[in-house]
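Each chain, written out:
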Amino acid sequence: MKIYNSYLLFVAGLLLLTTVILAACNVDSLDVYYTLYVVEALIVTELYVYFSSRARRSLTVVGTLLFAGFLVIVASAVLKIVV
Amino acid sequence: MQETGDRIRTDRNVYTWTGLGLLVSGVILVLVSLLVLSSLVWLTALGIAALILAFIFLALARTIPRVTPEVSMLLLETGIDNIATVVEELGIKSKPVYLPSSLAGGKAQALIPLHTNPSLPRITSALPRRFIVRYGSGPDDVGLLITTAGTVAVSILESPMGPTVTQLESTLASLFVGKLGAADRIGISNIETGIRVEVRNPRIQSTGAWSHQCLDSSLASIIATVVAEAWERPVVVTKEEQYGKTYVVEIEAVA
């Protein structure tokens, strides 16, 4: 399970680093944080090409859920502009 | 076996419990930061990050293999030792020739010639799926057709194998690094007689037992079977050696 641990550590480190950098830059929009988290998680998952098909299917479900959250953010932003 | 079962459950639980822990702490962080500390956006974001990680942990927990490496090794060693006993009793000194599935009746297997010949056996047509097979027209062209660890390893590969060095490197990395978790890195280079495969930090250790000297190590056997299948030609292991943390296997195609 070494590949799982390496993947999880990488994602966790990246999310933490993003939080620290954005907090240091005084970014106060939760949308920006979430969008960056989703993009990073999806990119790292794609970079780990040696996952088994079973692990990849499970991670695709997580990616779809995260992307759905991103679409909600986009939809709410569009609604704000329209209304 | 009870201890093994406990170990399996523990491995799965580590991911599940970590995921659940992150889920609870993420929800608490988000709620506290939103309801109590409304000015701390980064704290809410940290809670969201914990939730994302929790989902990933829980997703991966479902995909952990039910059989531990220890159980796999137990079964592997038992199988190899049984075959090695047969080979020892028959007084066979030949090294195995790894055949692709097209030459071994549907699945990649290893042929051990019963008689030691100076030249390697030439196999041009598919052999029958039997334990003792005749592979040539000569009276001594008889051998044992055995299933190796590589036979099973080839069957779990999902993508088609290519014959080039780059494609082979990708296939072996996918197998050893991704699926088996048995090495950190794989490197392949062309040499005069065939290819040289370097396995960095292998976790399948060669015990140096007699069975390994006779049938090649499990690591070399898996690599040779994959190469035979990719090249669609019989291959032999010409050299295997440990250099520090790197295990080197040299493979040559049978003419």
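Below, the structure is looked at part by part. Because the structure is predicted, anything quoted here is derived from the model rather than measured.

**A look at the interface of chain A and chain B**
- Facing 27 residues of chain A, the contacting portion of chain B comprises 29 residues.
- Between chain A and chain B, roughly 2600 Å² of surface is buried when both sides are summed, and carbon and sulfur atoms account for 77% of that area.
- Counting the surface chain A buries against chain B, the share from its top three residues, Leu-8, Leu-30 and Tyr-50 of chain A, is 23%.
- Our count for the contact surface shared by chain A and chain B stands at 0 salt bridges.
- There are 4 residue pairs in polar contact (both at pLDDT 80 or more) connecting chain A and chain B.
- For the side of chain A that touches chain B, the element with the most residues is helix 1 (residues 2-24) of chain A, which contributes 12 residues.
- Of the residues in the side of chain A that touches chain B, the class split is 19 nonpolar, 5 polar and 3 charged.

**Overview of the side chain of Thr-18 of chain A**
Residue and element names in this part refer to chain A.
- Structurally, the position occupied by Thr-18 is in helix 1.
- You can call Thr-18 buried: its relative accessible area is 8%.
- Engagement of the side chain of Thr-18 in a polar contact is seen with the backbone oxygen of Leu-14, the distance being 2.6 Å.
- Residue contacts for Thr-18: discarding those within four places in its chain leaves Leu-36, Tyr-37 and Glu-40.

**A look at the layout of surface pockets**
- Computed from the structure, the second largest pocket encloses a volume of approximately 210 Å³.
- What lines the second largest pocket is simply Lys-2, Ile-3, Ser-6, Leu-47, Tyr-48, Val-49 and Tyr-50 of chain A together with Val-177, Gly-181, Ala-183, Asp-184 and Arg-203 of chain B.
- With 3 residues, helix 1 of chain A is the single largest residue contributor to the lining of the second largest pocket.
- When grouped by side-chain class, the residues that make up the lining of the second largest pocket number 7 nonpolar, 2 polar and 3 charged.

Basis of the calculations
Residues numbered from 1 in each chain as written. Chains lettered and ligands numbered in written order. Predicted model: local features only at pLDDT ≥ 70, side-chain atom pairs only at ≥ 80, totals over all residues. Heavy atoms only, no water. Contact = heavy atoms within 4.5 Å. Buried area = accessible area lost by both parts, 1.4 Å probe. Salt bridge = Lys/Arg side-chain N within 4 Å of Asp/Glu carboxyl O. Polar contact = N/O pair within 3.5 Å; in protein donor to acceptor, adjacent residues only side chain to side chain. Helix = DSSP H or I, 4+ residues; strand = E, 2+ residues; numbered from the N terminus. Nonpolar A, V, L, I, M, F, W, Y, C, P; charged D, E, K, R; others polar. Buried < 20%, exposed > 50% of the residue type's maximum accessible area, 1.4 Å probe, protein only. 1 Å grid on protein atoms, 1.4 Å probe; cavity = no way out; pocket = protein on both sides within 12 Å on 5 of 7 lines; lining within 4 Å. Points joined across faces, edges and corners; volume = space filled by probe spheres on them.

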